[in-house]
Amino acid sequence: MALLQIAEPGQSAKPHQRKLAVGIDLGTTHSLVASVRSGQVETLANSRGEHLMPSVVRYLADELPQVGVKAQAHLVDDAANTVMSVKRLMGRGIEDVKRLGESMPYLFEACEQGMPLINTVSGLKSPVQVSADILRALVQRGESSLGGELVGAVITVPAYFDDAQRQATKDAAQLAGIQVLRLLNEPTAAAVAYGLEHDEQEQGTIAVFDLGGGTFDISILRMEQGVFEVLATGGDSALGGDDFDHEIAEWMRQELQMPTQLDLAQLRFLLRLARWGKELLSDESSAELSFEGWPGDATYADLELTREHMNRLLDPIVSKALRATKRTLRDAKVTVGDIAKIVMVGGSTRSLLVQERVAELFQQPPLTDIDPDRVVALGAARQADVLAGNQSGEELLLLDVLPLSLGLETMGGLVERVIDRNTPIPVARAQEFTTYQDGQTAMAIHVLQGERELVQDGRSLSRFELRGIPAMAAGAAKIRVTFQVDADGLLEVSARELTSGVAASVQVKPSYGLSDGQIADMIKASWTNVEGDRSARSLREQQVDADRLVEAVTIALAEDGERLLTAQEQQGIVHQMEQLVIARNGQDHHAIAKQIEVMAKASDTYAAMRMDDSIKRALAGKAVDQL
Amino acid sequence: MDISQDYFSCYGLSRDYSLDLAGLRQVHRRLQQAHHPDRFVTGSDSEQRRAVQITAYLNQAYATLSKPLTRGLYLLQLQGMDPLAPTNTQMPMDFLLQQIELREALEDMSEAQDPEAKIDAMATKLQCQASLLEGDFEQAYGSSDFERAETAVRKLQFIVKLQQQLDALEGVLLD
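Residues numbered from 1 in each chain as written. Chains lettered and ligands numbered in written order. Predicted model: local features only at pLDDT ≥ 70, side-chain atom pairs only at ≥ 80, totals over all residues. Heavy atoms only, no water.

### Points about the overall build of chain A
The number of helices and strands found in chain A is 15 helices and 27 strands. Total accessible area on chain A is roughly 28500 Å²; 48% of this is exposed by carbon and sulfur atoms. (Helix = DSSP H or I, 4+ residues; strand = E, 2+ residues; numbered from the N terminus. Areas by Shrake-Rupley, 256 points an atom, 1.4 Å probe, with all protein chains shown as cover.)

Right, here's the structure in full:
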């Protein structure tokens, strides 16, 4: 409904009141929450002054789970109940998890549909639940730091996340009771954090090199006049600093001739030692690795690791990231020479090897002024501030792209692309199908994401069944399936039979996600006693929405109702508005919501007329090049 | 914003083949600024849905008008023609023979001694042909010779397809 936009150009109706919104970087190894306070964007610390919250949750038998530093302390002594790197499991099936192998030392319970569950003393936990626990802790920190309830959060995801992974992240937020203002791609957030758009001179192309704990993203953005436009994005959703640790741990294991099968605690010991050594070697040229306190019977002598040797171990992983970088430059149709700035993101870009190899590729040193661990959260906070409506006038606009192509399974197990990757979002595409048998009334559709030609290589997103197709001769029915990807990068599919106009019912079976019902059950389970509060809150929310709509329409009608509408059309809108006021003064939030829909529909054409009218007036007498 | 109108009207343009790309881009930016879902995050569900629909429409409109091939195809569709109909397979023989040659050259390229130079040479050649066809289309369309315009745009489609394959090959060889 475009009415609001016109009635109040660039200014809020009420006296300026700052809405509290945060940016959340939900990371593989650690997470952060940030906000804009008195014009300054900053990450929020806990009571001990720590900004980074380890993305670790420890489940206990009869207590609330521990999150963050407290949980991290038990990674070795309570390995099976202390969950880390859960981001790697988001939107993934049991097969993917098997591929992650020993890096995931948990007892998994395969679940027929959806993500594998982790068996803890407090019961089976899905990756979405674990993420929700982390998000809850971050929101609590945000609310206590900012001193009030949040209107919502911008949550960042790797640009390379597919639909299932994005949906899982959004589900986690829903489970934690957070309003998601936007899922924002991490590299885009990082570019925003540097505030490069403020400088008039700073027009040009930016590369964001984001090597985190578990994912690698590379994005190429173009920036002009406050608009950030992603040209191309690429990377590897299973490549990160954790791989550095595993490489070093594996080297230790071989060097000391340890058995191939290590238990959870031993594995954690090695990984922790590897990380310690890796970080030390950023400053020192050699590190002494000590196996004192080894959780096992054997004893091992100290081991020396030089920076030079470590670089040799890690070089293949860095090379893989650089290959993906070159591919993405080509996708963006730019060359290394076009890149004006390189933004570094993720703790793993602290590695000197990574910085050297990136500088070598781009022939200029990357930007490292902002802490690479915090830069994403800071950018997300800026965007949250904009989205919550705290800024006015010509504001920052982020235009992102679809990271991975969307397609459909066709005959012979081939994938037919419906939307190519790097297409700007939101995007909608329609595809037509027909029946192949006389009297056929149903049709199965399989949606996939990825760049591969074969169904078996792509990622299965969902299977749809269209039912209720009117029985016709083979090939006579025309079914139009519409794919729509919203600004969060999330897919929605709808279908309609064209000759009869019947909307075929679409049954969604998410391949790895949770169904709405499952989420609803989980929310119910965790919120058993607040049912009353929730409906009261819904009522208030709907009343606010209704008031806004009534106000906007009243202003609009006063302004140009008589000029643009017939008396009858005006009458119709006024009548629906009266009905809405009646519903608004009642207690039933469903009734209000329903009447808002009716009202919005009744005034939609009017809104479109006003928009056209205002564009016409704005464009009147101007040639395109003057605009 | 009426998303049932044609793409040219949406940007206030007349239905011409040649257009000012920079101007189109600027109008597109302004419309996006006004209608992007980011502007309606705290709005109602229906406002948000509408913003997604409008922006998807704008993205599609811009993608269609900003590329010579899709712009040409779209202009003919607005004339009620269907240049991509599966039944529409008639092409001049000399053009088809030339296409076969180009395709063979492309296939041989991956085994060539110096593929990069060969790729560059072919890219230049294809770009040159594309420009000629675009000129041809513009002239034919401008004089309402839609049959000739259709032939030109269908030839252009072959060339664009080859350009895409060449790009993909370059990606594989340089990786």
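Picking up where we left off.
### Here we look at the overall build of chain B
The number of helices and strands found in chain B is 7 helices and 0 strands. Along its sequence from the N terminus, chain B presents helices and strands in the succession α-α-α-α-α-α-α. A total of 175 residues make up chain B; the buried ones form 46% of that total. Across chain B, the fraction of contacts at a sequence separation of at least 24, relative to all contacts at a separation of at least 6, is 69%. (Buried < 20%, exposed > 50% of the residue type's maximum accessible area, 1.4 Å probe, protein only. Contact = heavy atoms within 4.5 Å.)

### Some remarks on the pairing of strand S23 (residues 443–449) of chain A
Residues and elements named next belong to chain A. Where burial is concerned, most of S23 is hidden: 6 out of the 7 residues are buried. The pairing of strand S20 (residues 406–410) with S23 spans 3 bridges and is classified as antiparallel. The residue bridging leucine 408 from the neighbouring strand is valine 447, located in S23. Bridge analysis of S23 against strand S24 (residues 459–467) gives 7 bridges, and the strand direction is antiparallel. Following the sheet pairing, leucine 448 is matched in S24 by serine 460. (Pairing = 2+ DSSP bridges.)

### Concerning the interface of chain A and chain B
Taken together, the contacts link 46 residues of chain A with 40 residues of chain B. Here chain A meets chain B over a buried area of about 3700 Å², counting both sides, of which 50% is carbon and sulfur. Note that arginine 49 of chain B is salt-bridged to glutamate 597 of chain A, the shortest N-O span being 3.4 Å. The tally of links from chain A across to chain B stands at 9 residue pairs in polar contact (both at pLDDT 80 or more). Counting residues per element, the side of chain A that touches chain B draws most heavily on helix H15 (residues 589–619) of chain A, at 8 residues. The residue inventory of the side of chain A that touches chain B, partitioned by class, reads 25 nonpolar, 3 polar and 18 charged. (Buried area = accessible area lost by both parts, 1.4 Å probe. Salt bridge = Lys/Arg side-chain N within 4 Å of Asp/Glu carboxyl O. Polar contact = N/O pair within 3.5 Å; in protein donor to acceptor, adjacent residues only side chain to side chain. Nonpolar A, V, L, I, M, F, W, Y, C, P; charged D, E, K, R; others polar.)

### A few points about the pattern of salt bridges
All names here are of chain A. For the structure on display, the rule yields 36 salt bridges over all chains. We note a salt bridge from glutamate 42 to arginine 37, for which the minimum N-O separation is 2.8 Å. Judged by relative accessible area, glutamate 42 falls into the partly exposed class, the value being 29%. Judged by relative accessible area, arginine 37 falls into the partly exposed class, the value being 31%.

### Thoughts on the nonpolar core
Phe209, Ile220, Met252 and Phe291 of chain A are the most contacted members of the largest nonpolar core, which has 50 residues in total. For this core, the element with the highest residue contribution is helix H9 (residues 307–331) of chain A, accounting for 9 residues. Other than its neighbours up to four places away in sequence, isoleucine 220 of chain A contacts Thr205, Ile206, Ala207, Glu229, Val230, Leu231, Ala232, Thr328, Leu329, Ala332, Val334 and Ile339 of chain A. Ranked by size, the runner-up nonpolar core spans 43 residues in total, among them Tyr7, Leu133, Leu156 and Ile159 of chain B. (Core = buried A, V, L, I, M, F, W, Y, C linked by side-chain atoms within 4.5 Å.)

### As for the confidence of the model for chain A
Averaged over all residues, the pLDDT of chain A equals 82, while 85% of them reach at least 70. Contacts from residues 1–15 of chain A, a stretch scored under 50 in pLDDT, to residues over four places away or in other chains number 33 contacts. (pLDDT = per-residue confidence, 0-100.)

### Concerning the sheet that holds strand S7 (residues 82–83) of chain A
All names here are of chain A. In spatial order, the strands read S6-S5-S7; together these 3 strands make up an open sheet with antiparallel pairing. Of all strands in the sheet, those bounded by a partner on one side alone are strand S6 (66–67) and S7. Across 2 bridges, the pairing between strand S5 (residues 57–58) and S7 is antiparallel. Among the inter-strand pairings, valine 57 is bridged to a residue of S7, identified as valine 83.

### Regarding the packing of aromatic side chains
Residue and element names in this part refer to chain B. Applying the stated criterion across every chain, the model contains 13 aromatic pairs over all chains. With centroids separated by 5.5 Å and ring planes inclined at 90°, the aromatic side chains of phenylalanine 95 and phenylalanine 158 adopt a geometry described as edge-to-face. Taken together, the residues span a long stretch of sequence, with phenylalanine 95 in helix H5 (residues 93–109) and phenylalanine 158 in helix H7 (residues 146–174) at a distance of 63 residues. Accessibility expressed as a relative area gives 6% for phenylalanine 95, which makes it buried. (Phe/Tyr/Trp six-rings, centres within 6.5 Å; stacked < 30°, edge-to-face > 60°.)

### Overview of the side chain of histidine 35 of chain B
Among the secondary structure elements, histidine 35 of chain B is positioned in helix H2 (residues 21–35). Residue histidine 35 of chain B is classed as buried on the basis of its relative accessible area, which comes to 3%. Not counting residues up to four positions away in its chain, the partners in contact with histidine 35 of chain B are Met611 of chain A together with Met1, Phe40, Ala51, Ile54, Thr55 and Leu58 of chain B.

### A few points about the sheet that holds strand S22 (residues 427–433) of chain A
A sheet is described by the order of its strands in space; here 3 strands give the open sequence S22-S25-S26 (chain A), paired in antiparallel fashion. Only two strands of the sheet have a single neighbouring strand rather than two, namely S22 and strand S26 (491–497) of chain A. Across the sheet, the mean angle separating the axes of adjacent strands is 20° when strand polarity is ignored. As defined by bridge partners, strand S25 (residues 479–485) of chain A adjoins S26 of chain A across 7 bridges and the pair is classed as antiparallel. Paired with valine 485 of chain A across the strands is leucine 491 of chain A, a residue of S26 of chain A. Contacting S22 and S25 of chain A, helix H3 (residues 45–66) of chain B runs over the sheet at an angle of about 80° to S22 of chain A. (Axes fitted to C-alpha atoms, helices over the stretch in contact; angles between N-to-C directions.)

### Focus: unusual backbone geometry
Outside of glycine, negative phi angles account for most residues, and trans bonds account for most peptide bonds. Residues and elements named next belong to chain A. For the peptide bond that leads from isoleucine 425 to proline 426, omega is -5°, which places it in the cis range. Along the chain, proline 426 falls in the loop between strand S21 (414–419) and S22. Despite not being glycine, glutamine 257 shows a phi value in the positive range, around 50°. Along the polypeptide, glutamine 257 turns up in the loop between helix H7 (241–255) and helix H8 (264–280). Look at asparagine 422: it is not a glycine, yet its phi comes out positive at around 65°. The residue asparagine 422 is located in the loop between S21 and S22 in this model.

### Digging into the packing of helix H6 (residues 186–193) of chain A against helix H11 (residues 375–387) of chain A
What describes two packed helices is the angle between their axes and the distance between those same axes. Residues and elements named next belong to chain A. At a minimum axis separation of 7 Å, H6 and H11 run at an interaxial angle of 80°. Compared by their axis directions, H6 and H11 come out roughly perpendicular. Seen from H6, the contacting residues are Glu186, Ala189, Ala190, Val192 and Ala193; seen from H11, they are Val375, Val376, Leu378, Gly379, Ala380 and Arg382. Considered class by class, the residues forming the contact of H6 with H11 number 8 nonpolar, 1 polar and 2 charged. (Parallel < 35°, antiparallel > 145°, perpendicular 65-115°, else oblique.)

### Side note on helix H6 (residues 115–142) of chain B
All names here are of chain B. Taking 1.5 Å of rise per residue, 28 residues should cover 40 Å, and H6 covers 40 Å from first to last C-alpha, within 8% of that figure. Those residues of H6 lying buried are Ile119, Met122, Leu126, Gln129, Ala130, Leu133, Phe137, Ala140 and Tyr141. Of the residues flanking the end of H6, it is serine 144, one or two places downstream, whose phi is positive at about 55°. (Expected span 1.5 Å × (residues − 1).)

### Here's the deal with the packing of H7 of chain A against H9 of chain A
All names here are of chain A. Put simply, H7 and H9 touch, their axes get as near as 10 Å, and they point 135° apart. When the axes of H7 and H9 are compared, the pair comes out oblique. As for how H7 packs across H9, the hand of that crossing is right-handed. Contacts from Asp243, Phe244, Glu247, Ile248 and Trp251 in H7 reach His309, Met310, Leu313, Leu314, Ile317 and Val318 in H9. For the contact of H7 with H9, a count of residues per class yields 8 nonpolar, 1 polar and 2 charged. (Left-handed = near helix turned anticlockwise from the far one by under 90°.)

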